[in-house]
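Structural overview for review
In case you want the letters, here they are:
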Amino acid sequence: MARSMWRGAIQFGLVTIPVKLYLATESSSIGFNLLHEKDLSRIQMKIYCPVDDEVIPRSETVRGYEWSKGKYVVITDEDIENVPLKTVRSIEIEGFVPAHQEGTGAQFVKSAYYLEPDEIGRKAFYLLKSVLADAGKTAMCKIVLKDREQLAALNPFAKTMLLTTLHWPDEIRSLEELNLPEDEIEIKPSERKMAEQLIASMDGEFDAAAAKDEYREALMGVIEAKVAGETPEPLQKAEPTKIGDLMAALEASVAAARETRRAAPAKARAGKAGSRADAEAEAPPKRARRRKSA
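Residues numbered from 1 in each chain as written. Predicted model: local features only at pLDDT ≥ 70, side-chain atom pairs only at ≥ 80, totals over all residues. Heavy atoms only, no water.

**A word on the sheet that holds strand 2 (residues 15-23)**
Taken in spatial order, the 7 strands close into a barrel running 1-2-8-11-10-9-7, and their pairing is mixed. Neighbour-to-neighbour, the strand axes of this sheet turn through a mean angle of 40 degrees, independent of strand direction. In terms of strand pairing, strand 9 (residues 137-145) meets strand 10 (residues 148-157) through 7 bridges, oriented antiparallel. The residue bridging Lys142 from the neighbouring strand is Leu151, located in strand 10. (Pairing = 2+ DSSP bridges. Helix = DSSP H or I, 4+ residues; strand = E, 2+ residues; numbered from the N terminus. Axes fitted to C-alpha atoms, helices over the stretch in contact; angles between N-to-C directions.)

What follows is the structure in structure tokens.
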């Protein structure tokens with residue numbers, strides 16, 4: 001069963017909705033260990049105290065804040081729990097804005113969390129969810145997570161609501177740091193038309209459930225090959241496309257996209273036929289019915 005990582009309440013106006021917070025995502029990346037090259041033994045990361053000149057257990061460590069050079073004050077879990085701020089135990093809604101509105105910073109997402117209402121707050125929770133969905137609104141709010149107050153957005157999602165923590169405005173870099181000469185670029189009508197055709201030829205529904213991490217699969221293939229004592233097959237790198245002639249590249253892309261779309265139904269039918277053939281091959285043979293004797 002999923003374990004909540006925060007418990008508090010959604011707070012807006014005089015309405016309080018008790019909720020629990022659950023991480024909405026998890027990492028499926030492949031992890032590596034640091035080894036000693038000589039004997040492939042795993043390296044241990046130890047906590048060293050330079051004053052006592054000894055390795056100490058983690059249980060002997062405390063959290064400290066350097067308030068002056070070389071001077072620290074110890075901050076305990078109880079100190080953090082007692083911070084005089086409402087958002088330590090509540091999702092404080094600041095206001096409501098149109099969903100997907102630019103300028104709210106909602107494009108700069110840090111983490112996503114599912115909300116689960118306590119039984120006593122279910123009606124208010126789903127009322128808020130329904131109104132947000134019907135009005136196309138996002139609730140901009142604040143919450144304290146991981147020892148710091150964070151800006152967040154609250155949106156309806158499936159049977160719950162999704163809280164996404166965002167970067168503060170002063171954490172977002174200015175576009176002025178980049179070389180973006182959009183106003184100086186001239187696009188020919190023929191190039192625009194061809195680009196529109198390319199986008200139209202690739203138009204379709206995005207099925208998130210069908211998306212997969214192909215890099216992880218390929219990396220696992222390399223790892224499995226090395227475990228088996230084999231030499232992984234190197235990838236045949238394709239030559240980069242020359243984009244000197246933009247129209248030629250667009251036309252070739254449109255043709256390739258159309259060919260892929262035409263081939264897709266045939267590939268799907270072949271896959272279904274193969275599945276049926278496999279099922280028939282695996283099915284037990286039918287018994288021959290015995291004839292009745294005259």
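**Things to note about the packing of aromatic side chains**
Applying the stated criterion across every chain yields a total of 3 aromatic pairs. The interplanar angle of 85 degrees and the centroid separation of 6.2 Å between the aromatic rings of Phe12 and Phe96 together place this pair among those described as edge-to-face. Of this pair, Phe12 sits in strand 1 (residues 6-12) while Phe96 sits in strand 7 (residues 90-98), and the two are 84 residues apart along the sequence. Geometrically, the ring pair formed by Phe125 and Tyr126 is edge-to-face, given 5.1 Å between the ring centres and 85 degrees between the ring planes. A relative accessible area of 40% places Tyr126 in the partly exposed class. (Phe/Tyr/Trp six-rings, centres within 6.5 Å; stacked < 30°, edge-to-face > 60°. Buried < 20%, exposed > 50% of the residue type's maximum accessible area, 1.4 Å probe, protein only.)

**Points about the side chain of Glu92**
Relative to the assigned elements, Glu92 resides in strand 7. In terms of polar contacts, Glu92 uses its side chain to reach the side chain of Ser90, at 3.2 Å. (Polar contact = N/O pair within 3.5 Å; in protein donor to acceptor, adjacent residues only side chain to side chain.)

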